[in-house]
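Chain and residue survey
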Amino acid sequence: MTQLSEPQPATPTAANVDLPASQSHPDRSRSPTPIQVPPEPTIVYPEPSHDDPSTAQVPVEENAPPRHEPRASPRPAQAPLRPTDAATAASIAATWPTKRINWPPGSESTSLIIMQAKNGPCSLIALCNVLILRDDMAILPSDRKSVSYEYLAQLIADYLVSRTSDDAAIEGLSAALSKLPELQEGMNINSVWTSSSSFKQLGEGGELKLFHLCGVELVHGWLADPSSPEYEALIKVEDYDGALNKVVAADSLTHGKLVESDQPSQPQPQATLDLTEEQQVLVKDALLIREFLESNSSQLTYFGLFHLSTTLTPGLYAFFRNSHLSVLYKTDDPDHPLFTLVTDSVFTREPAVCWETIEDVDGSASIFLDAHLVRSSTAGGDYSGRSAEAAVRDAERAMEDLSLGSDAALARQLQAEEDAAAHARRAERGARRGEQAGWDGAEHNGDQRYPGRIPQRRSDMPPEFQQKKKKEKGGNDCVIM
């Protein structure tokens, strides 16, 4: 595997370090080497040229070192990027979001899984998610929002190195790790029709070796039923590429009529074309294979689904279906034994959607489940960012806030009315006290004898405010009843 590393500084040596004479020759008793002084340059004035005035009287030094015009130092030549370097540079810039889910289902412990934002890196994401859910590696820190390819590649490399001991395995590990950047673009594999765990690697290979070294098993459900008429034809070709090659060969023999036919079981090429018996068998097998491919375009058959449900042991697998690789979780639940991990980035903030059941071959009967494998119900459409239970709680809290707000407004209104009434009562009492003080003890501003002073005795008050003595009753007094 090609490893990128920082350029190391050159180690000082005698070839690239200039030392003073005292340091380069520790033995100072030796006489220094005499310095040779170059001869003094002789200045020669060339004859002026009438054709070129610029050369007139320009001194030229003989035996002088050549003069060089200052110029910008050229940039070091950059080697063109090789295909592997370009792939590595692009992979470093790739990042994917993370999502926290409860794992295992029913527990309070959580794990960060990787979500997929675009097509392509499903193989790398599925491999990492299986290792994460198996506790073979973890994304740190726990609040990390996204991960890069460089970060995931380092986690995978550390995990593989920790479980590799012999030299032969280390050599195979280097070849497998060199294929990591290519996992971002998918995997070129062929599923074998007769085994759920058999695949054929295209090209140089390496991706399947990487899964094998990590201990992650790849499975698929694109299996042919042994009792079906196409089973014998599929056994002959073994895998998907072999099936396509046979269909193309048969279409060439029938001059393009095989692929164009709308009813694959109706044509009888041996009656209309001059074909040998072997060619007729090839065309017949090609018709059966084409019918199988068209009726199982989701790359999952009911026989394969039943086979996975009954033969796989409980655990985590990398599941190939519909040209996509995902995490398959097999349980002992007889009603819903198979689940796939939902890693579409639109569900990153949807805690109610973590798993999806596999009920049929086209996904029409599948349902979404939360992290505890309980059926989920989203609020507000395909994506809302919260569960239905959370939406109900938020609505109830809003109603409580509204009720509390109304009560608070009513309390404030009543308090304001009470404050206004109290202020009016205080003003009325103040007015009565002022009126009484004017008669009984208020400051007399009109009398200059007592400026700014309140009289303390009744005798000190002006005569008009003093109480007059009562007259004794006489006969001439009249009484007003």
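Every value quoted in this text rests on a predicted model; they were computed, and no experiment measured them.

Thresholds applied
Residues numbered from 1 in each chain as written. Predicted model: local features only at pLDDT ≥ 70, side-chain atom pairs only at ≥ 80, totals over all residues. Heavy atoms only, no water. Helix = DSSP H or I, 4+ residues; strand = E, 2+ residues; numbered from the N terminus. Expected span 1.5 Å × (residues − 1). Salt bridge = Lys/Arg side-chain N within 4 Å of Asp/Glu carboxyl O. Buried < 20%, exposed > 50% of the residue type's maximum accessible area, 1.4 Å probe, protein only. Phe/Tyr/Trp six-rings, centres within 6.5 Å; stacked < 30°, edge-to-face > 60°. Pairing = 2+ DSSP bridges. Axes fitted to C-alpha atoms, helices over the stretch in contact; angles between N-to-C directions. Contact = heavy atoms within 4.5 Å. Lys, Arg positive; Asp, Glu negative; His and termini not counted. Disulfide = S-S within 2.5 Å. pLDDT = per-residue confidence, 0-100.

**Some points on helix H3 (residues 122–133)**
Residue pairs three or four apart in sequence face the same way in an α-helix, which turns once every 3.6 residues. The end-to-end C-alpha distance of H3 is 16 Å, a good match for the 16 Å that 12 residues give at a rise of 1.5 Å each. In the segment just after H3, Asp135 is the residue with positive phi, at about 65 degrees.

**Some words on the pattern of salt bridges**
As enumerated under the stated definition, the model contains seven salt bridges in all. A salt bridge links Lys179 to Glu182, with the shortest nitrogen-to-oxygen separation between them at 3.7 Å. For Glu182, a relative accessible area of 37% puts it in the partly exposed group. Across the salt bridge formed by Arg290 and Glu294, the nearest N and O atoms sit 3.8 Å from each other. Pair noted here: Arg290 and Glu294 are both in helix H11 (residues 277–295), with a separation of four residues, about one helical turn. A single salt-bridge network, built from bridges that share partners, covers Lys236, Lys246 and Asp285.

**Looking at the packing of aromatic side chains**
Counted according to the given criterion, the structure contains nine aromatic pairs. Geometrically, the ring pair formed by Trp103 and Tyr329 is edge-to-face, given 5.2 Å between the ring centres and 70 degrees between the ring planes. Of this pair, Trp103 sits in the loop between strand S3 (95–102) and strand S4 (110–114) while Tyr329 sits in strand S10 (residues 324–330), placing them 226 residues apart in sequence. Like Trp103, the residue Tyr329 is buried in the burial classification. With centroids separated by 5.4 Å and ring planes inclined at 55 degrees, the aromatic side chains of Phe347 and Phe368 adopt a geometry described as tilted. Remark: Phe368 occurs in strand S13 (residues 368–369) and Phe347 occurs in the loop between strand S11 (338–341) and strand S12 (355–357); sequence separation between them is 21 residues.

**Digging into the sheet that holds S4**
On the basis of which strands lie adjacent, the open sheet formed by three strands has the order S4-S3-S5 and antiparallel pairing. This sheet does not close on itself; its edge strands, each paired only once, are S4 and strand S5 (146–148). Each adjacent strand pair in this sheet contributes to an overall mean axis angle of 35 degrees, direction not counted. Examined bridge by bridge, S3 and S4 share five bridges and lie antiparallel to one another. Paired with Ile101 across the two strands is Ser111, which belongs to S4. Its contacts with the sheet place H3 against S3 and S4, and it is angled at close to 170 degrees to S4. Strand contacts of helix H4 (residues 149–162): S3, S4 and S5, with the helix running at about 75 degrees to S5, the strand carrying the most contacts.

**With respect to the side chain of Glu230**
Mapped onto the fold, Glu230 is located in the loop between strand S8 (218–220) and helix H7 (231–237). We note that Glu230 is buried and unpaired, the nearest opposite charge coming from Lys284 at a distance of 12 Å. The contact partners of Glu230, leaving out residues within four places of it in the chain, are Leu288 and Phe292.

**A few points about the pairing of strand S9 (residues 315–321)**
With respect to burial, S9 is a largely interior element, five of its seven residues being buried. Relative to S10, S9 runs antiparallel, the two sharing seven bridges. In the sheet register, Tyr317 faces S10, and the bridge partner there is Leu328. Following S9, the chain reverses through two residues before pairing antiparallel with S10; Asn322 in that reversal takes a positive phi of roughly 55 degrees.

**Remarks on the state of the cysteines**
One pass over the full model with this rule turns up zero disulfides. In this structure Cys214 is a free cysteine whose sulfur lies 8.3 Å from that of Cys128, the closest cysteine sulfur available.

**Examining the environment of Ile156**
Along the chain, the position of Ile156 falls in helix H4. Sequence spacing of Ile156 and Asp136 is 20 residues, and the spatial spacing of their C-alpha atoms is 9.5 Å. When residues no more than four places from it in sequence are discounted, the contact partners of Ile156 are Leu124, Leu127, Cys128, Met137, Leu177, Leu180 and Cys214.

**Considerations on the side chain of Asn129**
Position of Asn129 relative to the elements: it lies in helix H3. Once residues within four sequence positions are removed from consideration, Asn129 is found in contact with Ile113, Ile114, Val327, Leu341 and Thr343.

**Regarding the confidence of the model for the protein**
Taken over all residues, the pLDDT of the protein has a mean of 75, while the share at 70 or more is 61%. Predicted confidence for residues 267–271 stays below pLDDT 50, and this span has six contacts to residues more than four positions away or in other chains. In this model residues 442–454 is a low-confidence stretch, pLDDT under 50, and it forms 14 contacts with partners more than four residues away in sequence or in other chains.

**Points about the environment of Ala224**
Here Ala224 shows up in the loop between S8 and H7. A relative accessible area of 3% places Ala224 in the buried class. Along the sequence, Ala224 and Leu234 sit 10 residues apart, while their C-alpha atoms lie 7.6 Å from each other. For Ala224, the contacting residues outside a window of four places in its chain are Trp193, Tyr231, Leu234, Phe292 and Phe303.

**Observations concerning the sheet that holds S9**
With mixed pairing, six strands are arranged side by side in an open sheet as S8-S9-S10-S11-S12-S13. Strands with a single pairing partner mark the edges of an open sheet, and in this sheet they are S8 and S13. The pairing of S12 with S13 spans two bridges and is antiparallel. Bridging across to S13, Trp355 finds its partner in Leu369. Strand contacts of helix H12 (residues 302–311): S8, S9, S10 and S11, with the helix running at about 100 degrees to S11, the strand carrying the most contacts.

**Quick notes on the pairing of S11**
In S11, alternate side chains face the same way, and those of Leu338 and Thr340 on one face and Phe339 and Leu341 on the other are all buried. Pairing of S10 with S11, which is carried by three bridges, proceeds in the antiparallel orientation. Residue pairing across strands places Lys330 opposite Leu338, the latter belonging to S11. As judged from the three bridges shared by S11 and S12, these two strands associate in the antiparallel manner. What sits directly across from Leu341, in S12, is Trp355.

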